[in-house]
Each structure stands twice: as structure tokens, then as C-alpha cells.
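As a plain string of letters, each chain reads:
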Amino acid sequence: MKQLPPDTVRLLSSSQVITSVANVVKELMENSLDAGASGIDVKLENYGLDRIEVRDNGHGIKAADTPVMAMRHFTSKICSHEDLERLETYGFRGEALGSICAVAEVAVTTKTEEDEISTQYTLNFTGEIVSQKPSHLGQGTTVSVLKLFRNLPVRRQYYSSTKKCKEELKKVQDLLMAYAIIKPELRLMLVHNKVVVWQKAKVADHRSALLATLGPSAVANLLSCHHHQEQPEIFLDGFFPKPGADYSSTSSSSPDKTFIFINNRPVHHKDIMKLLRQHYTAQYPDDQGRNRYPNLMLKITVTPSSVDVNLTPDKTQVLLHNKEAVLTSVEALLVSLYGYQPSSDPSAEKELSCGPSTKEGSPSQTDASPLVNEQSKEVDDNLTINNGNFPKDISNSSSSSSVRDEDNAVSATDKSKDQLLAEDWSRGTAVIDLLSGEPVQPVTIHQPLKDSHFESGEVKIQNSSNKKILNAITEKRAALTAYDLISNRAMRAPLSPAALFEKEARAEVLREKPTASLHDISVTVHERWKNLGEEERKKYEEKAKKHLEHHDQRTKLVSAEGHREPNVSTPRSHAQGHKRKAPLSNQQLLDELFSAKPQKKTKDPAPKPSQPLPCSVAALRLQLQRLSSQSSAAPRGLRLVNRLASQSAWVILCGQRLMLLNPFRVEEALLFKRLLENNILPAVSLQNPIQLTEGNLGGAEYTDALYNMKKQNPEPNGQAFFSDPRLVANGFKIKLTPGLTSAERHLEVTAMADCVPFLGVEDLREILTAVLYRKARTVQECRPLKVTNYLQGEAVRLARQLSTNLSRENVEETLLRMKQLGEDKQTCIHGRPFLQHLSDIPTTDQEAKTLLRPLELQKKLMP
């Protein structure tokens with residue numbers, strides 16, 4: 001046997017700690033959280049394989065600690081193994097940064113509060129510093145990881161498919177969402193290839209964090225729950241789905257929205273997950289919700305000494321010293337919320353079905369402890385029967401246990417002889433028939449049929465064979481019905497050879513000329529079809545022939561299925577039967593809709609109760625005139641009146657007119673204006689620079705206009721880059737190589753923005769055209785059409801991220817900034833107006849009475 005070299009040992013151990021892109025992000029984020037960061041930015045390039053950057057605003061790394069910051073088993077979190085009993089940080093092993101150095105290239109930029117400037121350190125594969133230089137970044141730490149798994153080709157090959165890369169990006173986003181929920185005060189942002197994928201601002205509490213993470217529709221169906229057990233001390237906090245809520249809005253098909261935290265650490269615990277699913281899915285016994293995962297947040301807080309985090313390298317699985325106590329507390333919380341759920345064990349169910357009188361020595365089940373919050377108390381109150389038929393010994397303390405002692409069970413059984421138990425009532429065995437000894441069954445109510453006069457022949461037909469239901473549509477009629485429109489699927493007609501060629505050629509023409517109009521595309525495709533060779537034309541004729549054969553086969557198959565008997569079920573019809581949205585109970589309603597017999601008119605429903613409210617238009621006119629007479633800082637005398645909560649719009653007073661303001665349209669226009677003026681598109685270096693000549697620019701006048709633009713100071717070799725903001729802001733980096741004559745001078749584009757699709761020389765010519773013919777001097781006047789469309793999309797995206805509940809101060813500020821748009825610009829990007837006219841304020845009492853007459857007439861007509 002031979003001892004492995006240190007480099008091999010380091011690589012083997014590091015590849016176990018660092019297993020994926022999400023694992024790298026998790027380790028670096030936990031270091032940032034341990035450093036007290038309140039904001040973390042995660043930036044990925046090529047799904048993190050080319051670059052991972054995690055930037056925070058924490059305390060930073062002291063200069064004395066930087067030489068060993070990436071050395072193995074150097075950490076500032078603990079000093080000895082005894083500190084694990086009091087662990088309050090996410091990291092503690094001192095292996096993360098050193099392991100990342102072994103599988104990637106790492107650079108660390110850090111600055112503490114005492115440092116004047118930040119310093120960037122470049123590390124080698126052993127974690128040693130090989131170089132350092134000053135940096136411009138502020139306080140905090142930025143870790144850049146380049147070429148991940150560069151020396152592990154098999155693991156790098158694992159991410160060769162786009163599907164695997166997208167799954168890894170989804171894992172990173174789920175990781176950030178977990179920390180966003182448990183840390184409401186934390187600001188997070190995830191960027192991939194310079195595009196913001198997900199972000200969360202700083203919020204006040206866990207509910208606001210869930211709102212920013214899962215959305216308002218999911219949080220609306222969640223209840224806040226709390227539980228406390230004293231021995232051992234266990235705190236449970238979380239948000240759980242409301243009992244009886246629709247499973248489609250409170251659950252998902254994957255566990256990525258079931259967040260479990262133990263001591264603020266996101267973990268995967270199979271037993272707790274099983275318990276959560278068991279009590280949640282028991283509400284839907286015969287539904288698809290049985291196989292789903294609830295959307296919830298469960299925060300478990302125990303003493304640090306009762307948790308072993310050092311179980312797996314990624315620290316997502318933990319060992320609990322008081323595991324049974326924790327599971328019992330979680331079960332008690334779930335029982336108090338969703339009620340008692342019978343055991344899934346058949347033998348246990350059999351024993352429970354015998355009733356309390358057959359087995360006197362059996363222990364009683366867990367009593368649900370009441371929740372603290374009012375909403376959960378309402379759920380518990382719904383379980384109360386006859387003002388105290390529940391056992392009197394239900395514990396009022398917040399602690400509960402899953403199984404009671406034997407002695408307590410015997411005494412509870414003796415008491416159950418005189419009173420009803422909650423468990424027996426839930427199982428339906430609380431009330432026993434004295435004659436038969438069986439549990440009393442629910443009463444069945446028989447309702448007579450509406451039409452009691454039947455012909456004897458009709459009764460025989462319905463009771464004899466029952467082969468065909470007369471009031472159900474089982475086969476297609478001669479006339480087209482709504483059933484035909486619902487059940488049928490349209491089949492496309494077979495394509496001709498010319499249509500097949502046009503389908504492929506249009507995409508090629510669009511790639512060649514992205515700005516071409518629809519007419520130009522059609523003309524170009526038509527000309528290409530005319531000039532197509534015989535061999536190529538035969539290929540498209542063969543494809544069209546195959547399409548026709550396939551269409552004929554499908555037509556024959558559908559025709560054959562249409563002539564079958566309605567009671568003969570095919571696999572296809574059986575599969576479609578499961579997709580029927582209308583339940584069987586809606587058959588009576590369908591009969592009334594599609595029946596040819598005239599239906600009897602039902603009586604008019606009773607009028608809804610209403611109460612007239614006094615309204616004085618004259619008083620309203622005086623109040624609005626008082627508002628309009630006051631001095632207003634808003635433009636054109638605009639003054640806020642009130643907010644329409646249902647529409648997120650504001651009623652404002654403009655002179656003698658009431659207007660409806662949409663502040664989001666104003667913000668959208670302001671964002672677009674600011675982007676047009678100030679946004680600089682980042683330029684990415686081109687592998688093959690593009691040569692600029694008079695031919696591709698459009699003539700000598702365009703080249704001269706480009707030469708006259710502002711340039712940087714020339715380099716020692718004479719080359720210079722253009723620094724004109726009209727070029728730089730639009731994403732063009734152009735280099736000029738001087739020469740003695742104009743023919744010897746060279747212009748080439750060395751970098752170009754990649755965020756705008758199909759940006760090229762044509763857009764540069766569009767900028768020069770604005771400079772030549774429109775005398776454009778500002779960046780806003782020189783924006784190409786593609787860049788303008790891109791900035792419009794960015795403005796819409798940023799406007800959608802604004803809060804839907806704007807305060808009065810925010811709207812007043814929006815009205816002040818609306819002056820920047822000018823009097824002629826009063827619409828959003830999509831051409832919709834900011835202000836909508838509602839009504840004119842009456843200037844005299846006579847006009848006010850005229851407006852009041854319809855209200856008085858309506859009041860008289862009301863019953």
C-alpha cells in the first residue's frame with residue numbers, strides 16, 4: 001500500500017464537499033450570513049460553470065486572517081468541539097473555501113470597516129494567496145469562482161445538457177427562496193448571464209417574505225401557527241394551509257415549496273415531511289391532492305446541543321436528540337389545525353373501530369393543544385360539541401405528547417363511560433345503538449321525484465334493462481351541439497409543397513433580415529420557391545405526400561370511432577373520461593340547457609335586501625371646490641382625493657373635473673424615459689472584430705461622421721477607442737487605427753452589447769443617420785429601434801416589480817415627477833392615457849340638483 005499524494009487527497013475530499021453549483025452558492029451564502037450581511041447578490045454565467053460571484057455587505061475579512069482564509073480547517077466560527085454544543089452559525093468546519101479552490105479558480109475581494117480600500121486576493125488550488133491588488137468595491141466580501149470543476153471532466157460533462165443546467169439554476173433559486181423566507185430582513189438578488197432571474201427586497205416579517213417569495217395567491221390561504229413545549233423546550237412557528245382550502249392553491253407536485261427549518265437552517269427531514277403530508281393530504285381522501293406536497297413554512301427551534309449538524313457535507317440533514325418529542329409536537333400542532341386523522345395501519349383501524357367499550361385498557365389518543373393565534377382558535381372552536389362534551393382533562397398547556405401513560409389511559413377510559421370522547425366522535429363510534437350494539441349511522445333522507453305521474457311503459461323501460469339513459473347525451477346527433485364543440489379536436493389540413501417550403505424559408509429570411517416587413521418576407525419566399533431546383537422541389541412534394549397520407553389515416557380512424565356503439569369503451573375514450581371537468585352531478589343542469597322541451601319559468605327570486613344611503617351632490621361639490629381652491633404642488637392643479645382599492649387607481653381633482661389616475665402607467669413612462677437618457681448597454685468583447693468600411697456603413701459621409709466623434713486619448717501605438725456616449729450607451733466599442741491616408745485608417749467594432757438580440761452594423765448606421773440628418777446630440781435621440789424596444793421591455797419589467805399598494809406620499813411624488821414627461825406626453829409605453837375622465841363637478845346648485853334627480857328616481861323605484 002502507498003500513501004496518496006496531498007494533492008490527490010485534497011481533490012478527493014473537495015469533490016465530496018463541493019458537488020454542484022448550488023452547493024457552491026450555499027457555502028458562500030452561509031459565509032455571508034455568518035458575517036452579518038443584510039444584502040447578498042448572486043451572479044452566474046453559463047449556469048455557474050464559467051463564473052459564480054457572491055457579493056455581500058457583511059463585516060469583511062480582517063487583513064490578519066486573509067493568509068489562512070482558504071486554508072483547510074481554519075475558521076472563526078468555533079475553537080473546539082465543545083463549541084458545537086452552542087453552535088449558532090451556519091458554517092463551522094472551515095472546509096468550504098478551501099474545497100472550492102481545489103476544483104475551481106477563486107478570487108476574494110474584501111474590505112472591513114477599518115480598511116480604507118478593498119483588496120482583491122487571487123488564490124491557487126491549495127488556498128494560498130498568489131497575488132493581491134486594490135479594488136474599488138465597498139465594505140463586505142465578494143467571492144468569484146471561475147471554471148468550476150475544471151479538473152473533474154466527468155462532473156463537468158454532467159452539465160453538458162441544457163436540461164441539467166436549467167435544473168441546477170432552479171436549485172439555486174430554490175435555495176435563495178429558502179433563505180429569503182427564514183431571513184425576512186435579508187435582501188437577495190439572483191442574476192444569470194446579466195439578466196435578473198429573481199430578487200427580494202428587505203421585508204418586516206415572515207409573512208411578507210412568503211408574500212414576496214410565493215406570491216399573494218398562495219399566502220392568502222396560509223394560517224400563522226405557534227406551538228411551545230416546555231420539557232424538552234421546543235418552539236414551533238410557521239404558516240400552514242387553511243383546513244379545507246383548495247389543494248391546487250395550497251400544494252404543489254414537488255416538495256420545493258415545503259420549507260422546513262431547524263434552528264434557522266433549511267433542512268430535509270423525511271419523518272417531518274411524512275407527518276406534514278399525512279395530515280394535509282388526509283383532507284382529500286378521494287382526490288388528486290393525496291399525492292401533492294403542501295405549501296408551508298415550519299420553523300423548529302430547539303437547543304443547539306440537541307442537534308447534530310455535522311452529518312452530511314452539505315449540512316441539509318440533521319440528527320435530533322429529542323426526535324420523538326419534536327415529532328410529537330409537530331403532530332400536536334397539525335392535529336389542532338386539521339383535526340384527528342386515523343392511523344393508516346389496518347390493525348390499528350380495526351382496534352379503533354371496536355369502540356371504547358370493547359377495550360378498556362387501551363391508551364387514549366393525543367389531545368390537540370389549542371393554538372395561540374385567533375385564527376387557529378376558531379378552527380379548534382369548531383370541534384367543540386354540546387358545550388363541553390370533550391374530555392375535561394385536555395391540557396391547556398402548550399406541550400403535548402403522542403402516547404399517554406398506561407395509568408392515565410385506564411382512567412381516561414373509565415371517564416369515557418359517562419362522556420363522549422373527541423376521538424370516538426371523529427371515528428363515528430361515540431353513540432352506540434342499545435339494541436344492536438352497533439354505532440348509530442347517519443340519517444338518510446329520501447327525496448321524492450318531481451314527476452310522480454309516470455306511464456307504466458316508461459317505468460318498465462327504466463327499470464328493465466337500464467341500457468341507455470334517456471336524459472344523457474351518449475351519441476352525436478345530426479345537428480351540431482355544444483358536446484361536439486367540447487369533445488372534438490380540430491385537425492389541420494395537409495400542407496402543400498409550397499406551404500412546407502414557406503414554413504422553413506420564413507425562418508431563414510428572418511434570421512438574415514430581422515427588420516424585414518411581412519410583405520418583404522412573403523415576396524422573398526415566393527421568389528425563392530420559383531428559383532428552387534427540381535431535386536429540392538421533389539423533396540417537398542414527398543413531404544407533402546406523407547402529410548396527406550397521415551391526414552387520411554387520422555380521418556379514417558376518427559370516422560371508425562364515430563360509428564362505434566356508445567357503450568363500447570375504447571382506451572382512448574376511457575382516457576378522455578378522466579379529463580371530463582364537469583362532475584356527474586351537473587347532468588341535470590346540462591339536461592335543462594340542451595333539452596328541446598320548453599322549461600317552466602321559475603319564479604323571480606326574492607329581492608336582495610338593500611339599504612339606501614344618503615347622498616348630497618351639493619355637499620360633494622362644495623367639498624371638491626374647497627380642495628381645488630387650496631394651493632397644490634402637483635402639476636396643472638392635480639390633487640389626490642382617494643384611492644380605489646379594487647383597481648389600484650387614484651381619484652384626483654383636476655380643476656372642475658374628477659379624473660382617474662393610474663400611477664403605474666406614469667411610473668412605466670418615467671422609467672422608460674430614464675433608461676433612454678442614462679442606461680448604458682454593457683458591451684461584450686467579440687472573438688472576431690467587425691471591420692467597418694464605407695460599404696457596410698453606407699458611404700463616405702457616414703465614415704466621416706464616425707471619425708468626428710469623441711475619442712479617448714490615443715495609446716502608444718496610436719490606436720484609440722471612441723468614447724462618445726452616443727456610441728458607448730448603445731453598446732458599441734469601436735477602435736480606430738490611424739494611418740497616413742484615409743485608405744490606411746482602419747475602423748473595427750471590438751465589443752458589442754449581447755443583451756439586445758441581433759444588434760449589428762445596421763444599428764450603428766442608424767445612429768450615424770440620426771447624427772447626420774437629425775443633428776442628434778444626446779443619447780436619447782440616437783437610440784436605434786432595437787435598443788428602444790429592449791429598453792421598453794426593461795421599463796415594463798421594472799414597473800411590474802413595484803408594490804401594488806402605493807402610499808399617498810408615493811403617488812404625490814409620482815405626480816410631481818410627471819412634469820418631467822411634458823404636456824404632450826400623457827400616455828404610457830403602450831399608448832394608454834395616465835388620466836381617465838370620470839365626471840365634471842357641478843358649478844351651481846341647479847346642476848347639482850339635476851345630477852341628483854336620477855338618484856331620487858332610483859330611490860322611489862326601489863321596493
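For the structure itself, look to the data block above.
What you see as residue numbers is a count from 1 along each chain, following the sequence as written. Only residues with pLDDT of 70 or above have their local features reported here, since the model is predicted, and side-chain atom pairs are shown and tallied only from 80 upward, although totals for entire chains, interfaces and linings are computed over all residues. No hydrogens and no water enter the side-chain calculation; it runs on all heavy atoms of the structure.

Undergrad: What's the story with a nonpolar patch on the surface in this structure? I'm lost.
TA: Here a patch means residues that are over 30% exposed by relative accessible area and free of salt bridges, tied together within 9 Å if like-charged and within 5 Å if nonpolar (Val, Leu, Ile, Met, Phe, Trp, Tyr). Only the protein chains shown count as cover for residues, and all accessible areas are computed by the Shrake-Rupley method using a 1.4 Å probe. Any carboxyl oxygen of Asp or Glu that lies within 4 Å of a side-chain nitrogen of Lys or Arg is treated as forming a salt bridge with it. A surface patch of nonpolar side chains, amounting to about 270 Å² of accessible area, comprises Trp425, Val431 and Val440. A simple rule labels every residue: compare its accessible area, found with a 1.4 Å probe on the protein chains alone, to the largest value its type can have, and call it buried under 20%, exposed over 50%, or partly exposed in between. Using a relative accessible area of 42% as the deciding quantity, one classes tryptophan 425 as partly exposed.

Undergrad: What is the right way to read the sheet that holds strand S1 (residues 39-45) from this model?
TA: Working definition: the strands of a sheet are paired by backbone hydrogen bonds and lie parallel or antiparallel to each other. For two strands to count as paired, DSSP must find a minimum of two bridges between them. In this text, helices come from DSSP runs of H or I with a minimum length of four residues, and strands from runs of E with a minimum of two, each type numbered from the N-terminal end. In spatial order, the strands read S5-S4-S3-S6-S2-S1-S7-S8; together these eight strands make up an open sheet with mixed pairing. Only two strands of the sheet have a single neighbouring strand rather than two, namely strand S5 (129-135) and strand S8 (195-200). Between one strand and the next, the sheet's axes are offset by a mean angle of 15°, whatever the strand orientation. Looking at chain direction, strand S3 (residues 105-111) and strand S4 (residues 118-123) are connected through five bridges and run antiparallel. Across the sheet, alanine 107 pairs through a bridge with threonine 122, a residue of S4. Helix H3 (residues 96-103) contacts S3, S4 and strand S6 (140-146) of the sheet and is inclined by roughly 140° relative to S3. Axis geometry follows a simple rule: fit a line to the C-alpha atoms, using only the stretch in contact for helices, then measure angles between N-to-C directions, giving values from 0 to 180 degrees. By definition, residues are in contact when any of their heavy atoms lie within 4.5 Å.

Undergrad: Can you help me understand unusual backbone geometry in this one?
TA: Backbone geometry follows two general trends: most residues other than glycine have a negative phi, and most peptide bonds adopt the trans configuration. Residues glutamine 231 and proline 232 are joined by a peptide bond in cis, for which omega reads -10°. Mapping proline 232 onto the fold places it in the loop between strand S9 (222-229) and strand S10 (234-241). In the Ramachandran plot, asparagine 263 falls in the positive-phi region, its phi being about 55° despite a non-glycine side chain. Inspection of the secondary structure puts asparagine 263 in the loop between strand S12 (258-262) and strand S13 (265-266). In the Ramachandran plot, phenylalanine 758 falls in the positive-phi region, its phi being about 60° despite a non-glycine side chain. Locating phenylalanine 758 in the fold gives a position in the loop between strand S24 (746-753) and helix H27 (761-773).

Undergrad: Would you mind going over the packing of aromatic side chains with me for this structure?
TA: Two measures describe an aromatic ring pair: the distance that separates the ring centres and the angle between the ring planes. For Phe, Tyr and Trp, rings pair up if their centres lie within 6.5 Å, where Trp contributes its six-membered ring, and each pair is then called stacked (planes under 30 degrees apart), edge-to-face (over 60) or tilted (otherwise). Scanning all chains against the criterion turns up six aromatic pairs. When the centroid spacing of 5.5 Å and the interplanar angle of 65° are considered together, the rings of tyrosine 280 and tyrosine 284 count as edge-to-face. Between the aromatic rings of phenylalanine 501 and tryptophan 529, the centroid separation amounts to 5.4 Å while the plane-to-plane angle is 45°, which identifies the pairing as tilted. Of this pair, phenylalanine 501 sits in helix H17 (residues 497-512) while tryptophan 529 sits in helix H18 (residues 518-530); the two residues are 28 residues apart in sequence, bridging distant segments of the chain.

Undergrad: What's the story with the pattern of salt bridges in this structure? I'm lost.
TA: Enumeration according to the criterion identifies 20 salt bridges in this entry. For the salt bridge of lysine 323 with aspartate 271, the shortest nitrogen-to-oxygen distance reads 2.3 Å. In this pair, lysine 323 sits in helix H10 (residues 323-338) while aspartate 271 sits in helix H9 (residues 270-281), placing the two residues 52 residues apart along the sequence. For arginine 528, the salt bridge goes to glutamate 512, with nearest N and O atoms at 2.9 Å. Residue arginine 528 is found in helix H18, and its partner glutamate 512 is found in helix H17; the two are separated by 16 residues along the sequence. Given a relative accessible area of 51%, glutamate 512 falls into the exposed group.

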